[in-house]
Amino acid sequence: MTIDELIEHYYDDLDGAITGFSGDTDTLDITFEYDESFQGEARIATIRCTDIRECTPHPGGVAELARPADHPLLWQHTQPHQILAFSSAPPNPFELLGRLYHAHEQLFGRWRAPRDYIHATPEILSGGHGQLAHGPEKAIQSYWQIAQAVLQCSVVPQFMPKDSWQHILFDEAFVICRDVS
């Protein structure tokens with residue numbers, strides 16, 4: 001059974017669980033067990049992830065198994081990165097940061113913390129110049145839309161990730177890697 005077939009046929013009532021891990025520095029094998037079998041296949045699957053970039057799974061039950069093509073977790077690894085710089089002080093630094101954090105929550109939900117990309121503090125903003133944020137293009141463009149209303153700011157290209165990455169979600173845990181099978 002392929003990983004795509006497992007994901008397509010998996011649903012919460014199968015009571016799936018991550019029951020073990022094995023591998024080395026480049027490969028992670030995740031043992032995934034479920035109650036019923038699909039098309040006569042065994043009820044234990046090994047999900048192999050190679051060239052791991054980020055990894056958060058832990059043993060336990062899994063209600064949802066997914067591998068979306070586009071996801072906020074992947075943006076760090078697949079989108080052009082940019083810096084959002086500013087050269088004026090906002091009238092109210094706390095209000096600006098609140099708006100930026102709200103925009104961040106709308107983009108990333110629980111998947112990435114604001115501190116991963118937003119680096120300005122009220123003190124830095126009051127100083128009138130510096131780096132407001134850096135990160136993937138979708139995040140920086142969203143922050144820029146908010147910041148440019150109260151600051152003189154500019155977006156500076158940083159780098160474009162060269163590799164292709166994918167991920168698999170186990171509820172709120174995930175693995176980002178080059179290949180999942």
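Residues numbered from 1 in each chain as written. Predicted model: local features only at pLDDT ≥ 70, side-chain atom pairs only at ≥ 80, totals over all residues. Heavy atoms only, no water.

A.B. asks: What am I meant to see in the state of the cysteines here?
C.D. replies: Between two cysteines, a covalent bond joining their sulfur atoms is known as a disulfide. Per the counting criterion, the structure on display carries zero disulfides. Cysteine Cys-49 is unpaired, with the sulfur of Cys-177 as its nearest cysteine sulfur at 4.2 Å. Note on Cys-55: no disulfide assigned, nearest cysteine sulfur contributed by Cys-49 at a separation of 7.2 Å. (Disulfide = S-S within 2.5 Å.)

A.B. asks: Would you mind showing me how to read the sheet that holds strand β7 (residues 130-136) here?
C.D. replies: Within a sheet, adjacent strands bond to each other through the backbone by hydrogen bonds, running parallel or antiparallel. Taking strand neighbours across the sheet as the criterion, the three strands line up as β7-β6-β8 in an open arrangement whose pairing is antiparallel. The sheet is open, and its two edges are formed by β7 and β8 (153-159), each paired on a single side. On average, each strand axis in the sheet is inclined to that of its neighbour by 25°, with strand direction left out of account. Here strand β6 (residues 81-86) pairs with β8 via six bridges, running antiparallel. Each bridged residue has a counterpart across the sheet, and for Ile-83 the counterpart in β8 is Val-156. (Pairing = 2+ DSSP bridges. Helix = DSSP H or I, 4+ residues; strand = E, 2+ residues; numbered from the N terminus. Axes fitted to C-alpha atoms, helices over the stretch in contact; angles between N-to-C directions.)

A.B. asks: I tried to follow the environment of Gly-23 on my own but got confused; where do I start?
C.D. replies: Locating Gly-23 in the fold gives a position in strand β1 (residues 16-23). A sequence separation of 86 residues divides Gly-23 from Gly-109, and the C-alpha atoms of the two residues are 31 Å apart.

A.B. asks: For this particular structure, what's the right way to read the packing of aromatic side chains?
C.D. replies: When we look at a pair of aromatic rings, we describe it by the centre distance and by the angle of the planes. A complete count under the given rule lists six aromatic pairs for this structure. Pairing Phe-32 with Phe-170 gives two aromatic rings, centres 6.5 Å apart and planes at 45°, and the pair type is tilted. A residue pair is termed long-range when its members are at least 10 positions apart, and Phe-32 in strand β2 (residues 27-33) and Phe-170 in strand β9 (residues 166-170) qualify at 138 residues. The buried category is assigned to Phe-170, whose relative accessible area is 2%. Between Phe-108 and Tyr-117, the ring centres sit 5.3 Å apart and the planes meet at 35°, which makes this aromatic pair tilted. On the accessibility criterion, Phe-108 (1% relative accessible area) is buried. (Phe/Tyr/Trp six-rings, centres within 6.5 Å; stacked < 30°, edge-to-face > 60°. Buried < 20%, exposed > 50% of the residue type's maximum accessible area, 1.4 Å probe, protein only.)

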